[in-house]
Amino acid sequence: MASPGHPDLGEVAPEIKPSERRTAVAIADLEWREMEGDDCEFRYGDGTNEAQDNDFPTVERSRLQEMLSLLGLETYQVQKLSLQDSLQISFDSMKNWAPQVPKDLPWNFLRKLQALNAEARNTTMVLDLLPDARPVEKESQMEEEIIYWDPADDIAADIYSFSELPTPDTPVNPLDLLCALLLSSDSFLQQEIVLKMSLCQFALPLVLPDSENHYHTFLLWAMRGIVRTWWSQLPRGLGSFREDSVVLSRAPTFAFVRMDVSSNSKSQLLNAILSPGHRQWDCFWHRDLNLGTNPREIADGLVEISWFFPSGREDLDIFPEPVAFLNLRGDIGSHWLQFKLLTEISSAVFILTDNISKKEYKLLYSMKESTTKYYFILSPYRGKRNTNLRFLNKLIPVLKIDHSHVLVKVSSTDSESFVKRIRAIIGNVARAPCRRLSVEDMAHAARKLGLKVDEDCEECQKAKDRMERITRKIKDSDAYRRDELRLQGDPWKKAAQVEKEFCQLQWAKDPPEKHRAELRRRLLELRMQQNGQDPSSGVQEFISGISSPSPGEKQYFLRWMEWGLARVAQPRLRQPPETLLTLRPKHGGAADLGEQLWPEPLGVEHFLREMGQFYEAESCLVEAGRLPAGQRRFAHFPGLASELLLTGLPLELIDGSTLSTPVRWVTGLLKELHVRLERRSRLVVLSALGVPGTGKSTLLNTMFGLRFATGRSCGPRGAFMQLITVAEGFSQDLGCDHILVIDSGGLIGGALTSAGDRFELEASLATLLMGLSNVTVVSLAETRDIPPAILHAFLRLEKTGHMPNYQFVYQNLHDASASGPRPRDKRQLLDPPGDLSRAAAQMEKQGDGFRALAGLAFCDPEKQHIWHIPGLWHGAPPMAAVSLAYSEAIFELKRCLLENIRNGLSNQNKNIQQLIELVRRL
C-alpha cells in the first residue's frame, strides 16, 4: 500500500501489457506536474493529458522526420535499407572520402564500420563555407554539458526542452546518426552494424528509442551474432578460456543514469571504469570527443550496453569475471519506462545528479519495492545541498540503502581514486549474491514492461521453430552426420576418388580403355547407391526452410541454423582471446603449420553438401542414361543454392571433407546464378590463399563486409565463395557487374609433404583456385617463404600463360605497433628461395623454375605486389579494439585491388558461362 500523500507508482508498470504498447510509451514520456499539496497527475511529454490524446506527440514526430530527411533516410522507412545495399561496390569504395553534407553521413559511417575503423563515429563534415560564413553555435541538451537552472522555473525548462534541429551546416550528433540509421535498416543490417560496433569496442544500442511510432525496441536479434572469448577463473585457482554468445551468458549488470542535471559525465566515468591502467578507451561517446557537445535530437532514451571481459592477465583484469554496464541517455524523469527496465535487470544502479527535487523524489519513491541496490553520485559544488540532504534522508530507508551509498565526486583531480572506489563497489556487489542476467533474460523483462523486442516478429519466430525441430534431434554431431547426412559418408569419398582418377586418365596419353570402363562402372555403382536414398527428415526440414517464399524468413532461418548448430553440435572450442577475429600463435611464435586437419564442426554447409550430393548422383545417372530426365527429383536444388548466394551466404566451392570439387553441383549452381542475374553476369573472381591462421578470412571480411568463417580451429575446412554486387552506376567503369570472392579456408597447409599425396592435393586445389581467379591475394605466414603448395600452383600456371594479378600480404600477427616492414624483411622476400621453395621447384622438375617465378612475383616490390599489414589489435584481447592502422591498411589494399580491376591489370574479366567452362576444364 502507498503511504498517505505518496502515490505508489510502482503499481503502474505491472499493469502494462505488450498489447498496450501505446499506453506503455505514454507512461514512459509522462511528466510529473505539481498540484496542490502532494497530489500529482500524469501528463504526457508534450504537456497533454489523456483527454488530449489526439495531439500526441506532434513535436517529437516532426523532430524524427526532420532528422531522417536531413540524413536522406526518409525513403527507407517502408522499404528498409538492407545489408546487401550497404555492401555494394561503388565509386565511393575506391576513395577515402569525407562527408560534405548530412546525407553523406550514414554511408560514410557504414563504410568505416564495415572496415572496422575506430573513427567511424566521427560525423564531422567537410564544409565549403564562404569566407564570412560561420556555423551557428547551438546549446547542448546532452547530459554531459553542464546546464543549470531552477527546476521550478518553467520558462527556463521550456527554453532547453527543444533545441533547433540541425541544419545542413550543423554537425549531427553521432548518437542521432546511429539511431536514425538503425530505424532505417532491416534486421540483418542492424545485426551487422551492432556486430561491427562490438569489434570496434563501441558501446552497443540495447534499447532503441522511437518516439514517432510510440514504441521503443529492445535489440535482442541485433546482438545474436556477437560471440566473445574470455578467461574464466575456476575454483582452486584453475581457469580456462570460455567462448559464448553475449546474448546467452549471464553476468552482473550495472546501470548508470542521470537524474535532472549532473556536472559529472556518466559516459566518461564508464569509460574510466572499463579502461585498465592509464590508457582510456572511449567505449561510450561523451562530451569531450569531437562533436560530443552537439545536441541530441532523437537519441534521448537510448540505452547502451558494454561489457568488461577478463583476459587472465592480472595487470589488465579490472574484474575477475564478465561484467555488463548500461548507460541511459537522457534524464530518467523523461524516460521512465527505460529507467524502470534498468531497475529490474541491474544488480545496482548508479544515479548521477546535482539536484534532488520533489519531482525526482517521487519518482525514486516509486522504486521502493525494487530489490536493486542504488548509489547516488553528487557534486558538492552544484545544486541545492540542503534540499538534496533532506530528500536523501527520506530516500535512505525507502530504498534500503545507507550513507555509504551516497558518493561525492569532489573535483576532476580525484578522478583516479574515485574510479577505484566505484570499481571496488562493483566488485563487492558482484562477489555477493546478486542478480545475474543474460541479454535474453533482459528481453523477457522488457516484454513485461511493454517494450517491443525485435526478435518477436512472426518470420523470425517461425524460422526459430523450424531450426529447433532440426537441432533438437542432434545429440552427437558424428552420429547425426552418419545417420542423417548419409550421402556424405564413404560413398561420397569413394566417388570423389574415382572421379579424380577418371579425370587424370583423360589427360593421360593413350589411357587403357578397360581401366576407363572400370572406373565408369564403379562411379555409376556409387552414384546409384546414393540416389537410392531419400533425404532425411532433418534435411527435408532444412530444404523447406530455404524454400520459404518469404526472403526474410529464409534469412532468419539460415542465421538461426548457424547459431543453433554451433551450440548443439559440439562444445565450444577453447581458444585464447586472440581468436575473436583470427587465430594468432599462443606464445608469439610461428604457428605449427604441419598440424593435421582439425575436426570439422557441424554447420549449414553440411546440409548444403547433402543437397549437392543428391543433385550430383542424380545428374550422373541422367548423363549415363540410367535415369530419365523426367524422373528427376532434385533438379531445383541449384536454384535454391543460387538464391542463398545472392543473399550473401558463403557457399562451398571445394568440399572440406573430401577436398574435392562437386563439379556438377557447382556448375549447376552457376547456371542458375546466370539465369537470375540475366544481363548483369560479368564477373571478376578474387581469391585469397594462405595457411590457416594468417588472417586471410578476416582480411576479406574487413575489406568487403563478408561472412567467411574465421579462426583456424572452429571453421569449416573447404573453400567458400561469396558474391558482391557492383552498383549499376559503377559497373561500366569497373568492367564487371559482380565480384566473386573465394576464400581457400583451411585447404592449404604450410608443411612440405612431398612423399605423400597431401602436398599434391593441396597444390592441385591451389592451382584450381588461382586458375579461376582474375586477382589472387596470398596471405603469408612467414616473410621468407610462400607456402609450397601455392608456389607449386604458380609454377603450373606460369606454363599455361594464365597468371592472375597477385598481391602478397604479410600480416603482422604479433606486434600491433609495427606499421611497415623493416628493410631486412624486404630483402628476405627478394632473396633466392629457401629450402621449401627450391624443393617445390624440383618437384616440378624445373630446377630453374624459381627464377621465372621470381621474375613474375618479386620483380618490382615498389609497385605494391607486396603488402605489410599492421597488427590487428590495438591493446590486448578480449578488450582490444581493431587497430586504426590495420583498418587503414586494409582499405588501401582494397583500393589497389579495385584500381587494378578497373585498369584491366587482372586477367580478362569473365561472364558466368565462361567461368562454368573454366571450372570444368580445371
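Residues numbered from 1 in each chain as written. Predicted model: local features only at pLDDT ≥ 70, side-chain atom pairs only at ≥ 80, totals over all residues. Heavy atoms only, no water.

## Brief notes about the overall build of the chain
Helix and strand content of the chain: 31 helices and 24 strands. Taken over 922 residues, the chain has a buried fraction of 58%. Of the contacts formed within the chain by residues at least 6 apart in sequence, a portion of 78% connects residues at least 24 apart. Accessible surface computed for the chain: about 38400 Å², of which carbon and sulfur atoms make up 50%. (Helix = DSSP H or I, 4+ residues; strand = E, 2+ residues; numbered from the N terminus. Buried < 20%, exposed > 50% of the residue type's maximum accessible area, 1.4 Å probe, protein only. Contact = heavy atoms within 4.5 Å. Areas by Shrake-Rupley, 256 points an atom, 1.4 Å probe, with all protein chains shown as cover.)

## What about the nonpolar core?
With 158 residues, the main nonpolar core has Phe-218, Phe-325 and Ile-739 as its most contacted residues. Apart from the residues lying within four places of it in its own chain, the contact partners of Phe-218 are Leu-206, Val-207, Leu-341, Val-439, Met-442, Ala-443, Ala-446, Lys-452, Val-453 and Asp-454. Among the nonpolar cores identified, the runner-up in size contains 80 residues, and Phe-188, Ile-742, Leu-761 and Leu-915 belong to it. (Core = buried A, V, L, I, M, F, W, Y, C linked by side-chain atoms within 4.5 Å.)

## A look at the packing of helix α20 (residues 604-623) against helix α22 (residues 663-677)
Two elements in contact, α20 and α22, have axes whose closest approach is 8 Å; the angle formed by their N-to-C orientations is 100 degrees. By the criterion of interaxial angle, the relationship of α20 to α22 is roughly perpendicular. Seen from α20, the contacting residues are Leu-608, Met-611, Gly-612, Tyr-615, Glu-616, Ser-619, Cys-620 and Glu-623; seen from α22, they are Val-663, Arg-664, Trp-665 and Gly-668. When the residues that make up the contact of α20 with α22 are grouped by side-chain class, the tally is six nonpolar, three polar and three charged. (Axes fitted to C-alpha atoms, helices over the stretch in contact; angles between N-to-C directions. Parallel < 35°, antiparallel > 145°, perpendicular 65-115°, else oblique. Nonpolar A, V, L, I, M, F, W, Y, C, P; charged D, E, K, R; others polar.)

## As for the pairing of strand β20 (residues 805-811)
Among the seven residues that make up β20, seven are buried, leaving the element largely enclosed by the rest of the structure. Residues Asn-805, Gln-807, Val-809 and Gln-811 line one face of β20 and the alternating positions Tyr-806, Phe-808 and Tyr-810 line the opposite face, and both faces are buried. The pairing of strand β19 (residues 775-780) with β20 spans six bridges and is parallel. Bridging from a neighbouring strand, Val-775 pairs with Asn-805 of β20. (Pairing = 2+ DSSP bridges.)

## Quick word on the packing of aromatic side chains
Applying the stated criterion across every chain yields a total of 27 aromatic pairs. Between Trp-221 and Tyr-556 the ring centres are 4.8 Å apart and the planes differ by 70 degrees, which places this aromatic pair in the edge-to-face class. Linking Trp-221 in the loop between β4 (217-218) and β5 (227-233) with Tyr-556 in helix α19 (residues 551-568), this pair joins segments that are 335 residues apart in sequence. With relative accessibility at 0%, the residue Trp-221 sits in the buried group. Take Tyr-556: its relative accessible area is 4%, and that puts it in the buried class. Across from the ring centre of Phe-202, 3.9 Å away, lies the NZ or CZ of Arg-121, which sits over that ring. The cationic tip of Arg-390 hangs over the ring face of Phe-391; the distance from NZ or CZ to the ring centre is 5.1 Å. (Phe/Tyr/Trp six-rings, centres within 6.5 Å; stacked < 30°, edge-to-face > 60°. Lys NZ or Arg CZ within 6 Å of the ring centre and 35° of its normal.)

## Looking at unusual backbone geometry
In this model, Pro-877 is joined to Pro-878 through a cis peptide bond whose omega is 5 degrees. A positive phi is found at Asp-260, a non-glycine position, where the angle reads about 60 degrees. Within the secondary structure layout, Asp-260 lies in the loop between β7 (251-258) and α8 (266-274). Residue Asp-260 is classed as buried on the basis of its relative accessible area, which comes to 12%. One non-glycine residue with positive phi stands out, namely Lys-400, at about 60 degrees. Structurally, Lys-400 is set in the loop between α11 (385-398) and β12 (406-408).

## Quick notes on the environment of Ser-265
Note on placement: Ser-265 falls in the loop between β7 and α8. With a relative accessible area of 7%, Ser-265 lands in the buried category. Along the chain, Ser-265 and Thr-353 lie 88 residues apart, while their C-alpha atoms are 10.0 Å from each other. From its side chain, Ser-265 meets the backbone nitrogen of Ser-267 in a polar contact 3.5 Å long. A polar contact of 3.1 Å, which involves the side chain of Ser-265, links it to the backbone nitrogen of Gln-268. (Polar contact = N/O pair within 3.5 Å; in protein donor to acceptor, adjacent residues only side chain to side chain.)

## A closer look at the confidence of the model for the chain
Looking at the chain, the pLDDT average stands at 80 and 75% of residues meet or exceed 70. A low-confidence stretch, residues 572-598 stays under pLDDT 50, and its non-local contacts, those more than four residues away or across chains, total 75 contacts. Throughout residues 857-864 the model reports pLDDT below 50, and contacts reaching past four residues in sequence, or to other chains, amount to 16 contacts. (pLDDT = per-residue confidence, 0-100.)

## Overview of the pattern of salt bridges
One pass over the structure, following the stated rule, counts 42 salt bridges. The partner of Glu-297 in a salt bridge is Arg-63, and the shortest N-O contact between them spans 2.4 Å. Pair noted here: Glu-297 is in the loop between α8 and β8 (303-308) and Arg-63 is in helix α2 (residues 58-70), with a separation of 234 residues, a long-range link. The pair formed by Glu-297 and Arg-63 is uniform in burial state, with each residue classed as buried. The closest approach of N and O atoms between Arg-895 and Glu-892, which form a salt bridge, is 3.1 Å. Of this pair, Arg-895 and Glu-892 both sit in helix α30 (residues 884-902), three residues apart, which is roughly one turn of the helix. Exposure remark for Arg-895: the relative accessible area of 25% places this residue in the partly exposed category. (Salt bridge = Lys/Arg side-chain N within 4 Å of Asp/Glu carboxyl O.)

## As for the state of the cysteines
Enumeration according to the criterion identifies zero disulfides in this entry. Here Cys-457 is not cross-linked by a disulfide; its sulfur's nearest cysteine counterpart is in Cys-460, at 4.9 Å. The class for Cys-457 is partly exposed, based on a relative accessible area of 28%. (Disulfide = S-S within 2.5 Å.)

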